[in-house]
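# Structural overview for review
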Amino acid sequence: MLKIKSMKKLLLTFLAMFALFNVKAQTAHPEEGNVNNLPVHKYTLTLKEEMVNKAGKQVKGMTVNGSIPGPTLEFTEGEYAVIYVKNEMSVETSIHWHGMLLPNFMDGVPYLTTPPIKAGTTFKYEFPIRQSGTYWYHSHTMFQEQSGVFGSLLINPKEKILDYDKDLVLVLSDWTNEKPKNVMRNLKRGNEWYQMKKGTSTPLNQVIARGAFGAQLGFWRQRMEGADIADVYYPAFLINGEESVEYPQFEPGEKVRLRIINGSASSQFWMTFGGETPMLVSADGQNVVPVAHNKTFIAVAETYDFIVTIPQNGKIELRVMAQDGSGTTTAYIGKGKTLPAEVVPKPDKIKMMQQMAKMDMKMGAHALKFQPKKDERFEMKKEYGMQMDEMDMDDGKMNKNHSEPSAGNAEMKHPKMKMKKDSTSMAGMNMDHSNMKGMNLPAGKAEKDGMQMDGMGMFSEYNYDYLKAPEKTSYDQNLPVKEILLNLTGNMNRYIWSMNGVPLSETDKIKIKDNEITRITYNNLTMMHHPMHLHGHFFRVINKNGEYSPLKHTVNVPPMQEVTIEFNGNNGDEYGDWFLHCHILYHMNAGMARIISYDTPRDPRMEKHPVSKLINETDSFYAWSLVDVASHMASFDFVASNIRNQFNVSAEYGWNQNLEAEVTYERYLHDYLRVFGGVNIENELEDNLDEINTTAIVGIRYLTPYLFNLDVRIDNKLRPQISLSREILIFPRTAIFGSYEYQADFGWVDDLPAADNFANEVTWNAGVEYYLSRNFSLMASYDNRFGAGGGLSARF
Ligand SMILES: [Cu+2]
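In short, a report on the structure. (Residues numbered from 1 in each chain as written. Predicted model: local features only at pLDDT ≥ 70, side-chain atom pairs only at ≥ 80, totals over all residues. Heavy atoms only, no water.)

What follows covers the overall build of the protein. When helices and strands are tallied, the protein shows 13 helices and 48 strands. Across the 796 residues of the protein, 58% fall into the buried class. Summarising the internal contacts of the protein: among those between residues at least 6 apart in sequence, 68% fall at separations of at least 24. Entry remark: accessible area of the protein is about 32100 Å², with carbon and sulfur atoms responsible for 55%. (Helix = DSSP H or I, 4+ residues; strand = E, 2+ residues; numbered from the N terminus. Buried < 20%, exposed > 50% of the residue type's maximum accessible area, 1.4 Å probe, protein only. Contact = heavy atoms within 4.5 Å. Areas by Shrake-Rupley, 256 points an atom, 1.4 Å probe, with all protein chains shown as cover.)

Written out as structure tokens, the structure reads:
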């Protein structure tokens, strides 16, 4: 078998080389009829920039064949797909076929596997259809998926084994009226506005009223504001492009296969069904053992197929609820009175914070390491995460002895912890995660551990134990195993997402081989869920079903939990580089991605399209500014920042003739520490601009525990200065802020006034800000230089 695979690889290499010289012949290929004895099935997708109205406002979107989502492309297993993508937009684009097994060159990740489709050009995708099920396609260029470039793939099996009468494709998505790049900019600058708008912020007054101040302090100490569930505010969630959609065309008694695709850019949903419990028959395009299943979590990029029977009297309500409770979209299937679906309550972030505080979890793993090349994965895993009293933390040493099939291990392994073998206190506890919620603790232990269990139960509803493959999916036990640990890491303050504290731009490819099992352990050290997608492969998600663990292309990794996947090649295309990334668009574009490589020669057709282009996009500069105009002063702040570098320009002017301005460049050594240098300008005498002092400054800036910004510097007159500042949201839209600055002068350079050998200068201010909108706030402050006053803040 191995031999055949290597030969295949050789052949593929040869084919790729051959293809270069064969472009002419290829375009001359008959467009009808057969390719390699497979019947050709042809589609054309036309991408356009158009005004669309999805959430009560006309904004520029990107459409596929004139709509969002694009059309359903229907194929039958065994056909040869030919899809022309016509780019009629002003920018380059790409289409990725999500979940499809296809030649590497057709995967559609621009600059990695496939050339970008330049504005005004057409690209021909072609590949044999080797699978059946529900899949989807989307642009893999920048933020185009958020703008509307996505649609569904419905692939009929050669032989139908499931019993149903009709198909109904339901594409879920999220919609913003903002430009997606501005969404990212807003996330990067740390604007609280999205959480305010969604009503998911946790201001101090609510935290205190709920008795959670202690828990809040614990979060602050670890430099975190709280438990964020979703980053972006969306004015609308959509099913097939509509906030609410009816499908009355089905007759009572008909069995309808709902093919549900989460094509959102960053929204994960709970789905519930009215009427009889539907049968879940397929996940990520792969059949599973049919199971009656109602409330189902669907992560970004996942697909689930359910078979429902149209009721005699009434229509089925399908409720799709954003995970953070910020919105709902609904489909009705059938006619008559509504058979209501269960409403999933909005998650209680303050309660979550309290539960997490009780679990003694160490949070705040670095999203950006001091030495990105240094391998500290295992240390990181050991240091951060849950610290369980009664249980051994998984020691992070990966099991190098693979005589035992991993599936067997899985049943005893709960994410993030391992039972002490001799632990009696926990005896009888069933460790498969499906039972975590209803776990029975021995009497007497419940009081103390109950709290911990409670906390663990918090994420226990996120598991895949209800998915069981119809056939064994385990691999030949004699194959070698390559273990890969990927700690999922993130920094909400700067919106950097990474793995093992290393964003895509600071790492190399992960090399894999087709003759070994690649086993990846995702260890989530963040407060957010990450739907991790691997291109071009199906992997086993190890769950309680052991050898029958399901096959998926996207796996959700819940906060502070661990999920193991494994795969062995991809059935024929063990060639080239494949993208692996969090499918939350903004996380991927902030660095949470890797290239998995079979380490084969690069396709010659990619020569003019260096992969650095793709990688650099995840390290883009974002710039923002803030202007305050008030009765006592005016100020201006400008920041331009990428992952490691930042430029700042700031100026403050008091109408009483006081001025301070500063230009600095700073370099992030890691998440919290940066060194900076620049120029500072200040008036020398109070309330007087006659004498302006210009000094060079160097120093460090550090985000301290409890989220204070510390700035320690010295200027070219050898005057040291220290300052601290902090902002706290105290009411839903109201924040207070303050800063304190102390500068000492020992007269080392400039002579001090006679008889003095020491002078100091204290500057401080405090104020309050009320958020009116994303871009505007009212502010009032007192500054010991400028006095008191109030005015308007504008964010650009
Ligand atoms: Cu993510």
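Time to look at the pairing of strand β30 (residues 530–534). Of all five residues that make up β30, five are buried, and the element is covered over most of its length. Covered by surrounding structure in β30 are H530, M532 and L534 together with P531 and H533, the residues of both alternating faces. Of the strand pairs in this sheet, β30 and strand β33 (residues 554–557) are connected by four bridges, and their pairing is antiparallel. Across the sheet, H530 pairs through a bridge with V557, a residue of β33. Pairing of β30 with strand β35 (residues 577–582), which is carried by three bridges, proceeds in the antiparallel orientation. Of the residues in β35, the one forming a bridge with H533 is H581. (Pairing = 2+ DSSP bridges.)

Protein-derived coordination of the copper ion comes from H530 (ND1), C582 (SG) and H587 (ND1), at a distance range of 2.0 to 2.1 Å. Between consecutive donors of the copper ion, the numbers of intervening residues give the motif H-x51-C-x4-H. With H530 in strand β30 and C582 in strand β35, this pair connects stretches of sequence that are 52 residues apart. Exposure remark for C582: the relative accessible area of 0% places this residue in the buried category. (Donors = N, O, S within 2.8 Å, 3.2 Å for Na, K, Ca; no water.)

A contiguous nonpolar patch, built from V698, I714, L718, F746, W748, V749 and F758 and spanning about 610 Å² of accessible area, is present on the exposed surface. Within the secondary structure layout, V749 lies in the loop between β45 (734–745) and β46 (759–771). (Patch = residues over 30% accessible without salt bridge, like charges linked within 9 Å, V, L, I, M, F, W, Y side chains within 5 Å. Salt bridge = Lys/Arg side-chain N within 4 Å of Asp/Glu carboxyl O.)

The next thing to look at is the environment of F269. Inspection of the secondary structure assignment puts F269 in strand β14 (residues 269–273). We classify F269 as buried; its relative accessible area is 0%. A sequence separation of 31 residues divides F269 from V300, and the C-alpha atoms of the two residues are 8.2 Å apart. Non-local contacts of F269, meaning those with residues more than four positions away in its chain, are made with L172, S173, F237, N262, S264, T296, F297, I298, V320, M321, A322 and Q323.

Attention now goes to the side chain of R701. As for its position among the elements, R701 is in strand β42 (residues 692–703). A residue is classified by how much of its surface remains accessible, and R701, at 10% relative accessible area, is buried. Polar side-chain contacts of R701 include one of 3.0 Å to the side chain of D711. Here R701 is in contact with N648, E662, T664, E666, Y672, L673, R674, F676, L710, D711 and R713, once residues within four sequence places are set aside. (Polar contact = N/O pair within 3.5 Å; in protein donor to acceptor, adjacent residues only side chain to side chain.)

Contact geometry for helix α7 (residues 213–221) and helix α8 (residues 349–358): axes closest at 9 Å, N-to-C directions at 70 degrees. The angle between α7 and α8 places the two elements in the roughly perpendicular class. Judged by residue contacts, A215, Q216 and F219 of α7 engage M353, Q354, M356 and A357 from α8. Of the residues in the contact of α7 with α8, the class split is five nonpolar, two polar and no charged. (Axes fitted to C-alpha atoms, helices over the stretch in contact; angles between N-to-C directions. Parallel < 35°, antiparallel > 145°, perpendicular 65-115°, else oblique. Nonpolar A, V, L, I, M, F, W, Y, C, P; charged D, E, K, R; others polar.)

Let us look at the pattern of salt bridges. Proximity of charged atoms lets side chains of opposite charge pair with each other. Counted by the stated rule, this structure contains 44 salt bridges. A salt bridge links K86 to E88; its shortest N-O distance comes to 3.6 Å. The class for K86 is partly exposed, based on a relative accessible area of 34%. Close ionic contact of E483 with R519 constitutes a salt bridge, the shortest N to O distance being 3.1 Å. Placement of E483 in strand β26 (residues 481–491) and of R519 in strand β29 (residues 517–524) is noted, with a sequence separation of 36 residues between them. Summarising the burial analysis for this pair, E483 and R519 share the class buried. Ionic contacts of the salt-bridge type, sharing partners, join the residues E662, E666, R674, R701, D711 and R713 into one network.

Our next topic: the sheet that holds β33. On the basis of which strands lie adjacent, the open sheet formed by five strands has the order β28-β36-β35-β30-β33 and mixed pairing. In this open sheet, the two edge strands, each paired with only one partner strand, are β28 (510–511) and β33.

Along the chain, M142 turns up in the loop between β8 (133–138) and α3 (144–147). Sequence separation between M142 and E617 is 475 residues; the distance between their C-alpha atoms is 7.6 Å.

Attention now moves to the packing of aromatic side chains. Per the counting criterion, the structure on display carries 22 aromatic pairs. The interplanar angle of 50 degrees and the centroid separation of 4.6 Å between the aromatic rings of F273 and F306 together place this pair among those described as tilted. With F273 in strand β14 and F306 in strand β18 (residues 303–309), this residue pair connects regions lying 33 residues apart in the sequence. Summarising the burial analysis for this pair, F273 and F306 share the class buried. Lying across the ring of F676, R701 places its NZ or CZ 3.8 Å from the centre. The ring of F708 has R726 lying over it, and the distance from NZ or CZ to the ring centre is 5.7 Å. (Phe/Tyr/Trp six-rings, centres within 6.5 Å; stacked < 30°, edge-to-face > 60°. Lys NZ or Arg CZ within 6 Å of the ring centre and 35° of its normal.)

What α7 keeps buried is the set A215, Q216, G218, F219 and W220. Among the structural elements, α6 (204–209), α8 and β44 (720–731) are those in contact with the buried residues of α7.

Take the pairing of β26 next. Among the eleven residues of β26, nine are classified as buried, and the element is accordingly described as predominantly covered. In terms of strand pairing, β26 meets β29 through eight bridges, oriented parallel. Directly across from K482, in β29, lies its bridge partner T518. Sheet analysis places β26 next to strand β27 (residues 496–499), joined by four bridges and oriented antiparallel. Counterpart to N491 in the pairing with β27 is I496. Between β26 and β27, which pair antiparallel and follow one another directly, the connecting turn spans four residues, one of which, Y495, has a positive phi of 55 degrees.

With antiparallel pairing, the twelve strands of this closed barrel are ordered in space as β37-β38-β39-β40-β41-β42-β43-β44-β45-β46-β47-β48. Neighbour to neighbour, the strand axes of the sheet diverge by 20 degrees on average, direction disregarded.

Looking at α8, one finds that the buried residues are K349, I350, M352, M353, Q355 and M356. Where α8 starts, the residue carrying a side-chain oxygen 3.1 Å from the main-chain nitrogen of I350 turns out to be D348. Downstream of α8 by one or two residues, D360 has phi in the positive range, about 55 degrees.

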